[in-house]
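# Summary of the model geometry
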Amino acid sequence: MIALKISRITTLAEDIRGLTLVRPDGGELPSFAPGAHIDLRLSDDLVRQYSLINDGAKAPSCYQVGVARDPHSRGGSAFVHDHLSKEMEIRVSAPRNHFPLVEDARNYVFIAGGIGITPIYAMARWCAARGKSWKLAYATRTAGRCAFRDELRAFGQAHLHHDDEGKGVLDLAPYLETPAVGTHLFCCGPQPLMTAVKDATANWPVGSVHFEWFSAPAAASTANEPFEVVLHRSGQRLSVRSDQTLLAALRDAGVPIASVCAEGVCGTCETPVIAGEIDHRDQVLTEDEKATGKTMMVCCSRSRGTLVLDL
Ligand code: FES
């Protein structure tokens with residue numbers, strides 16, 4: 001993590017703060033692509049991830065994030081809104097990207113809800129700058145909660161929907177019809193929107209629909225079986241009980257593994273795997289990455305039989 005200074009705080013929309021973070025010495029920062037996020041260490045035990053909004057292709061001079069005040073905040077958004085101010089220093093991770101744009105798609109469909117617009121806006125700007133074929137639907141509860149409204153309107157192909165304007169929730173049908181070859185869809189927003197898009201695109205080609213989850217979607221309850229883990233480097237052998245996560249078993253054994261979300265959506269606990277039949281339960285790895293079995297999220301995923309980790 002590096003210490004960055006908050007150089008600017010803006011209001012992106014009602015209850016959405018924009019933070020601009022720079023190096024205290026004014027130097028360049030590691031670059032990133034649309035869809036990337038950074039971790040903000042808000043306090044010793046409070047780390048939150050926020051998507052990067054600005055163009056980070058070439059040695060950016062700042063990182064910009066947007067943070068919505070969440071009435072159900074577990075501490076992160078309330079801290080950002082109530083305690084952060086200009087000139088404060090904050091520890092920030094290097095950018096990571098679990099929601100990368102497919103750069104050679106023929107067409108792009110973007111669906112965003114609420115604060116989920118932040119990675120999608122960066123993607124739409126990338127497409128617009130390159131003359132790509134794209135369309136965007138962005139739903140908010142009210143017009144006042146719509147971030148980047150003027151910028152998105154200026155693109156001409158962004159549909160802004162506000163639930164309180166009498167037409168009900170966003171009609172997704174025009175965006176989810178059978179896709180033309182080479183179409184990729186990117187979606188980020190509240191869980192009901194994400195789940196609706198996920199269900200409606202079940203017949204889309206594998207790998208063409210991409211999600212950035214804020215929290216794990218409701219899953220059918222699956223019985224957990226105990227399993228054994230071998231730590232290849234240390235030679236340790238552990239048992240993971242059925243009522244325990246692999247992350248908890250590793251920590252009980254004194255193996256330090258970083259985690260933030262503990263529910264398979266942030267990617268922090270990604271751990272290399274040498275052998276085993278992984279029961280992937282995260283929302284971070286793509287289907288191809290899951291099939292290769294080279295890594296797993298130990299906070300939520302399990303194993304069918306003995307697992308060998310590269311630890
Ligand atoms: S801690 Fe977030 S994916 Fe495991």
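These numbers come from a predicted model, not from an experiment.

This part covers the domain arrangement of the protein chain. On domain assignment, one finds that the protein chain holds domain 1 (2-92), domain 2 (107-212) and domain 3 (227-309). Placing the centre of domain 1 and that of domain 2 at their C-alpha centroids yields a distance of 23 Å. The interface of domain 1 with domain 2 comprises 14 residues on the first partner and 14 residues on the second. Of all elements in the fold, only β1 (2-13) and β5 (63-68) reach the threshold of two or more residues within the side of domain 1 that touches domain 2. Among the elements that make up the side of domain 1 that touches domain 2, the one with the highest residue count is β5 (three residues). A per-class count over the side of domain 1 that touches domain 2 returns eight nonpolar, three polar and three charged.

As summarised here, the arrangement of the six strands in space is β4-β3-β6-β1-β2-β5, forming an open sheet in which the pairing is antiparallel. In this open sheet, the two edge strands, each paired with only one partner strand, are β4 (46-51) and β5. Neighbour-to-neighbour, the strand axes of the sheet open up by a mean angle of 40°, direction not taken into account. Both strand β3 (residues 37-43) and strand β6 (residues 89-92) contribute to a ladder of two bridges, which runs antiparallel.

Let us look at the nonpolar core. If you look at the biggest cluster of nonpolar residues, it comprises 79 residues, and the most contacted ones within it are Phe110, Ile111, Ile120 and Ala124. Here Ile120 is in contact with Phe110, Ala112, Leu136, Phe186 and Cys188, once residues within four sequence places are set aside.

Looking now at helix α2 (residues 117-129). At 3.6 residues per turn, the α-helix brings residues three or four places apart onto the same side. For α2, built from 13 residues, the straight-helix expectation of 18 Å at 1.5 Å per residue is met to within 8% by its first-to-last C-alpha distance of 18 Å. Restricting attention to buried positions, one finds in α2 the residues Ile117, Thr118, Pro119, Ile120, Tyr121, Ala122, Met123, Ala124 and Cys127. Downstream of α2 by a residue or two, Gly131 has a phi angle that is positive, lying close to 65°.

It is worth spelling out the environment of Arg69 at this point. Within the fold, Arg69 resides in the loop between β5 and α1 (76-83). Placed 207 residues apart in sequence, Arg69 and Gly276 show a C-alpha to C-alpha distance of 41 Å. Those residues in contact with Arg69 that lie beyond four places of it in its chain are Asp15, Ser77, Ala78 and His81.

This part is about the sheet that holds strand β12 (residues 227-231). Read across the sheet, five strands follow the order β13-β12-β16-β14-β15 without closing on themselves; strand pairing throughout is mixed. A single partner strand is all that each edge strand has here, and the edge strands are β13 (237-240) and β15 (295-297). Neighbour-to-neighbour, the strand axes of this sheet turn through a mean angle of 40°, independent of strand direction. Relative to strand β16 (residues 302-309), β12 runs parallel, the two sharing three bridges.

Rules used throughout
Going along each chain's sequence as written, the residues are numbered from 1 onward. Reporting in this predicted model follows two pLDDT cut-offs: at least 70 for local features of residues, and 80 or more for side-chain atom pairs to be given and counted; totals over whole chains, interfaces and linings ignore these cut-offs and use all residues. These domain limits were set by an automatic method or by a database of domain assignments. Whether two residues are in contact depends on their C-beta atoms, placed from the backbone: they are in contact if these lie within 7 Å. Numbering of helices and strands runs from the N terminus; a helix is a DSSP stretch of H or I covering at least four residues, while a strand is a stretch of E covering at least two. Under the scheme applied, nonpolar residues are Ala, Val, Leu, Ile, Met, Phe, Trp, Tyr, Cys and Pro; charged residues are Asp, Glu, Lys and Arg; polar residues are all the others, including Gly. Here, strands pair whenever DSSP counts at least two bridges between them. Interaxial angle, 0 to 180 degrees, is taken between N-to-C directions of lines fitted to C-alpha atoms, where a helix line uses only the stretch in contact. Nonpolar cores are identified as sets of buried Ala, Val, Leu, Ile, Met, Phe, Trp, Tyr and Cys residues joined via C-beta atoms within 7 Å. Here a residue counts as buried when 20 or more other C-beta atoms sit within 10 Å of its C-beta, as exposed when there are 12 or fewer, and as partly exposed otherwise, the C-beta atoms being derived from the backbone. Here the expected length of a helix is defined as 1.5 Å per residue gap, with one fewer gap than residues.

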